[in-house]
Amino acid sequence: MLTYPDRISSMRETKRLHTLQKREQRGYSDEDDYGNIPVPEDFRFAPEPGGIYGYGGLSKAFAGMLDRYPVYVDPMEMLCGRWSKLLTDYRIGARWDEARFPYDDLKPLQKLYNITSGIDNEAHCTPDFAIGLALGFGGLLEKVRKHREMHPERREYYDAEERVLLAVQKWIGRHIERIRGLLEREERPEIRESLAEMLAANEHIVDRAPETFLEACQWIAHFASASRAYNRDGAGCQLDAMLTPYYERDVAAGRLDDEKAAFILANLLLIDTRYYQLSGVDERGRDRTCRLSYLILEAAHLLNGSANLTVRVHKDIPEDFLRTAVSYLFNDRNAWPRFCGDEALVRGYMKNRGVDLATARNRIASGCNWMCVPGREYPMNDTVKINVARVFEVAFHDMTDAEPSPSTALLMDYFKKHLSIAVDVAARGANLHIDHAHEVQPELMLNLLTHESVESGLDVSQCAELYTVGVDGAGLAVAADSFAAIEQRVEREGRLSWEAVHGALHSDFAGIDGERTRLMLSSSERYCQGGSLGDKWARAITDVFVDLVHNFPMPEGRQLVPGWFSWSRTILYGEAVGATPNGRHARAPISHGANPVPGFRRDGAVTAQSSGIAAVQPGCGNAAPLQLEFDPRMSAEEGGVERVLQLIRKHFELGGTLININVLDQEVLLAANENPDLFPELVVRVTGFTAYFASLSPKFRQLVVDRFLSGF
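So, here is what we can say about the structure in this document. (Residues numbered from 1 in each chain as written. Predicted model: local features only at pLDDT ≥ 70, side-chain atom pairs only at ≥ 80, totals over all residues. Heavy atoms only, no water.)

### What about the sheet that holds strand β2 (residues 235–238)?
As summarised here, the arrangement of the 6 strands in space is β2-β3-β4-β5-β12-β11, forming an open sheet in which the pairing is mixed. Sheet topology places β2 and β11 (626–630) at the edges, where each strand pairs with a single neighbour. Across the sheet, the mean angle separating the axes of adjacent strands is 25 degrees when strand polarity is ignored. (Pairing = 2+ DSSP bridges. Helix = DSSP H or I, 4+ residues; strand = E, 2+ residues; numbered from the N terminus. Axes fitted to C-alpha atoms, helices over the stretch in contact; angles between N-to-C directions.)

Right, dumping it as structure tokens:
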């Protein structure tokens, strides 16, 4: 008889094969590990020519794709469905309708300051799954049709949403047929029983609201897969609180026990690596930790793969739950869960216009570095970024070309001037996107789970209650260490001249003299050394960045919110920046997020790093994550769990917002870098997301290795 552990083992092996097959199909991928399956060889879809834009174009293309989309049912599992191909794949190169909404006036400055504009991005807001679970796909369809009668002038919106819902229902119906076929041929009694439950759940939710725990998980799984297929949306929900009513009803009715619940949850986590939050507090400040909080961690442990679970740490979080979460970091070494700090996030987010305490508490961890109020906020988080290392480079050369007597004080004035221009350009790009997103790439899936969208016939980009638009800075440590190196070696010690530094940067530290200059600059006081010149400049840069971003005059109802985060673009951003006064060579990667430059201290100095990053939090509700790399030799028996628990508590007490932790065996990591195919199950947290190491490009694998070797 096949047990749940037997079946999970089979699921894990299938996942391993899928990971390798996807790499063969699409090459290396420096982004999230998703739950998608390889594209079947017989899959064919070609959208109508002429661009895919707006309600009609996108809904017709999406429905056409789903009609041909793969159906995925694994008898070893208890939930069905996967996404495979992205509709976005058919829009690459023409995702934004520049013929109607050009931004040629912004492009030169976007290039100059290496700005990621967010103009052609989608998703990055969070659906309210409670809406969908309450209504089901059939109820959502009735709601769309009802409000279409009330708003005939917005028929295009409602026709598109109806088309999408009918396509999803039809797609689920094809799964039902596949399950029936498998059930007819299945002889193993335990699998027959499981397939029968899967069949009943799908037959129920195709047009009715879910009623059981299994049905609720299957509904979330289908919505997640369809939403991913539409535009890569990956935001989840407060999963423990969302599923608790279904869990408690089924347990009370005797149709669910914890072993089965954990197996179903493992299925859900396998289907899609959504960003789910656990624990935290409710609107009234009460702890949300419950039995399902533990079971979700257990399910991820049973699955033993990549996961994007975030534990919301607050003052009343049960010590046992937090300890359990940290122990999985060391036991499984798959870089989950992450940890976010409730107090600083809530306090910071309330600095934005229109945000009260209840709203701030309901804002959940939804992506790599970002938070969102489910169904109410349009934040564009993690889509708009300014490369401050590039801004520093432009400011440095502008000043040295113009000023006969340069100084770090003057350099900061030039830095402020150029950063101000960069923020203006980023804001204009964000406003262009918000103004026209509904005409170019409306959120046809997320609209269904957004408050007032269906009711008003407006896209979430038009009807959101909150427009707290995230603007992240990248390359903080490069800029801070560059300021510090110049102040120390040129102004304080007089060991180098401005001309010598300028010449060394121009030549990329060529020759013996150039290398001597580089070593002198790179050995100066660094950010995160603790009370250093680098720390001083990092705080000064943060103050300037926060002031310029948060106080930028936006249209009524919109607010820019600063953060520090680079996502996986450290290599890409580095290619746009020449040599810098911190001793960094031209085109080398910039620093990661709010982290210091690797090698900032010989001892790694985790506490100094934690304190340094806590001191540069923008403080407005968006994150500046602390990324840590540990060796498993700091094991549970050696006090590793206790040390990490203390670190988490202390970092959040100091004002930290988000902590990402890798626990990796150095020998395994180095061997995997040499031959990744021998380690297909090795998972690393690259930035805010987890990925299978074997799927990363050689350049990015080396970046993770370098970061790890200097991280402890």
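### Describing the pairing of strand β9 (residues 467–474)
In terms of burial, β9 is a largely internal element, 8 of the 8 residues being buried. With 3 bridges connecting them, strand β8 (residues 385–387) and β9 associate as parallel partners. Counterpart to Lys385 in the pairing with β9 is Asp472. Bridging between β9 and strand β10 (residues 558–564) involves 7 bridges; their strand directions are parallel. (Buried < 20%, exposed > 50% of the residue type's maximum accessible area, 1.4 Å probe, protein only.)

### Observations concerning the environment of Glu98
Inspection of the secondary structure assignment puts Glu98 in the loop between α2 (54–67) and α3 (107–112). Judged by relative accessible area, which is 31%, Glu98 ranks as partly exposed. Counting along the chain gives 342 residues from Glu98 to Val440, while the straight-line C-alpha distance between them is 9.6 Å.

### With respect to the pattern of salt bridges
Inspection of every chain in the model, using the stated rule, returns 48 salt bridges. In this structure, the salt-bridge partner of Arg188 is Glu186, at a minimum N-O distance of 2.7 Å. Assessed through its relative accessible area of 12%, Glu186 is described here as buried. A salt bridge links Asp207 to Arg208; the shortest N-O distance between them is 3.8 Å. A residue is classified by how much of its surface remains accessible, and Asp207, at 43% relative accessible area, is partly exposed. A single network of salt bridges, built from pairs that share partners, joins Arg145, Arg148, Arg155, Asp159 and Glu162. (Salt bridge = Lys/Arg side-chain N within 4 Å of Asp/Glu carboxyl O.)

### Digging into the nonpolar core
In this structure, Phe62, Phe213, Phe339, Phe415, Leu419 and Tyr527 are the most contacted members of the largest nonpolar core, which totals 204 residues. The residues touching Phe62, leaving out its near neighbours within four places in the chain, are Leu87, Val164, Ala226, Ala229, Tyr230 and Met445. Cys368, Ile571, Phe689 and Leu696 belong to the second largest nonpolar core, which has 19 residues in total. (Core = buried A, V, L, I, M, F, W, Y, C linked by side-chain atoms within 4.5 Å. Contact = heavy atoms within 4.5 Å.)

### Observations regarding unusual backbone geometry
Here the amide bond leading from Trp336 into Pro337 is cis, since omega sits at 0 degrees, within 30 degrees of zero. By the secondary structure assignment, Pro337 is in the loop between α11 (319–332) and β5 (338–341). Although it is not a glycine, Asn304 adopts a positive phi angle of roughly 55 degrees. Mapped onto the fold, Asn304 is located in the loop between α10 (291–303) and β4 (308–313). Residue Asn304 is classed as partly exposed on the basis of its relative accessible area, which comes to 32%. The phi angle at Cys528 is positive, at roughly 80 degrees, despite the residue not being glycine. By the secondary structure assignment, Cys528 is in the loop between α20 (511–522) and α21 (533–550).

### Quick word on the sheet that holds β8
Read from one edge of the open sheet, 4 strands run β1-β8-β9-β10, paired in mixed fashion. The two strands at the open ends of the sheet, each matched to only one other strand, are β1 (115–116) and β10.

### Notes on the environment of Ala395
Positionally, Ala395 belongs in helix α14 (residues 388–402). In this structure the C-alpha to C-alpha distance between Ala395 and Asp665, which are 270 residues apart in sequence, comes to 41 Å. Once residues lying within four places of it in the same chain are set aside, the contact partners of Ala395 are Leu411, Tyr414, Phe415 and His418.

### Quick notes on the packing of helix α15 (residues 408–440) against helix α18 (residues 476–492)
Contact geometry for α15 and α18: axes closest at 10 Å, N-to-C directions at 155 degrees. In this view, α15 runs roughly antiparallel relative to α18, as classed from their interaxial angle. Regarding α15 and α18, the two cross each other, and that crossing is right-handed. Here α15 contributes Thr408, Leu411, Met412 and Phe415 to the contact with α18, which in turn contributes Phe483, Ile486, Glu487 and Glu491. Residues that form the contact of α15 with α18 fall into these classes: 5 nonpolar, 1 polar and 2 charged. (Parallel < 35°, antiparallel > 145°, perpendicular 65-115°, else oblique. Left-handed = near helix turned anticlockwise from the far one by under 90°. Nonpolar A, V, L, I, M, F, W, Y, C, P; charged D, E, K, R; others polar.)

### Some details on the state of the cysteines
Going through the model one piece at a time under the given rule, you end up with 0 disulfides. For Cys80, which is in no disulfide, the shortest distance to another cysteine sulfur is to Cys217 and amounts to 13 Å. Taking relative accessible area as the criterion, Cys80 reaches 1% and is therefore assigned buried. As a non-bridged cysteine, Cys368 has Cys340 as the owner of its nearest cysteine sulfur, 14 Å distant. On the accessibility criterion, Cys368 (4% relative accessible area) is buried. (Disulfide = S-S within 2.5 Å.)

### Describing the packing of helix α7 (residues 213–231) against helix α9 (residues 258–271)
A pair of packed helices can be characterised by two numbers: the angle between their axes and the separation between those axes. For the pair α7 and α9, the least separation of the axes is 10 Å and the interaxial angle reads 5 degrees. As far as their axial angle goes, α9 and α7 are roughly parallel. Listed contacts from α9 to Phe213, Leu214, Cys217, Ile220, Ala221 and Ser225 of α7 are Ala261, Ile264, Leu265, Leu268 and Ile271. Counted by class, the contact of α7 with α9 contains 10 nonpolar, 1 polar and no charged residues.

### A closer look at the side chain of Ser194
Within the element layout of this structure, Ser194 appears in helix α6 (residues 189–205). By relative accessible area, Ser194 is classed as buried at 3%. Residues in contact with Ser194, not counting those within four places in the same chain, are Arg7, Glu77 and Met78.

### Topic: the packing of aromatic side chains
Aromatic ring pairs are described here by two measures, namely the spacing of the ring centres and the angle between the planes. Taken as a whole and assessed by the stated rule, the structure comprises 22 aromatic pairs. On the basis of an interplanar angle of 20 degrees and a centroid distance of 4.5 Å, the ring pair of Tyr4 and Phe263 is categorised as stacked. Here Tyr4 is found in helix α1 (residues 4–26), whereas its partner Phe263 is found in helix α9, with 259 residues between them in sequence. The exposure class assigned to Phe263 is buried, which follows from its relative accessible area of 1%. Each ring, one from Phe415 and one from Phe483, has its centre 6.0 Å from the other, and the planes form 90 degrees; the classification is edge-to-face. Of this pair, Phe415 sits in helix α15 while Phe483 sits in helix α18, placing them 68 residues apart in sequence. When sorted by exposure, Phe415 lands in the same class as Phe483, which is buried. In this structure an aromatic cluster arises from ring pairing among Phe392, Phe396, Phe415, Phe483, Trp498 and Trp537. (Phe/Tyr/Trp six-rings, centres within 6.5 Å; stacked < 30°, edge-to-face > 60°.)

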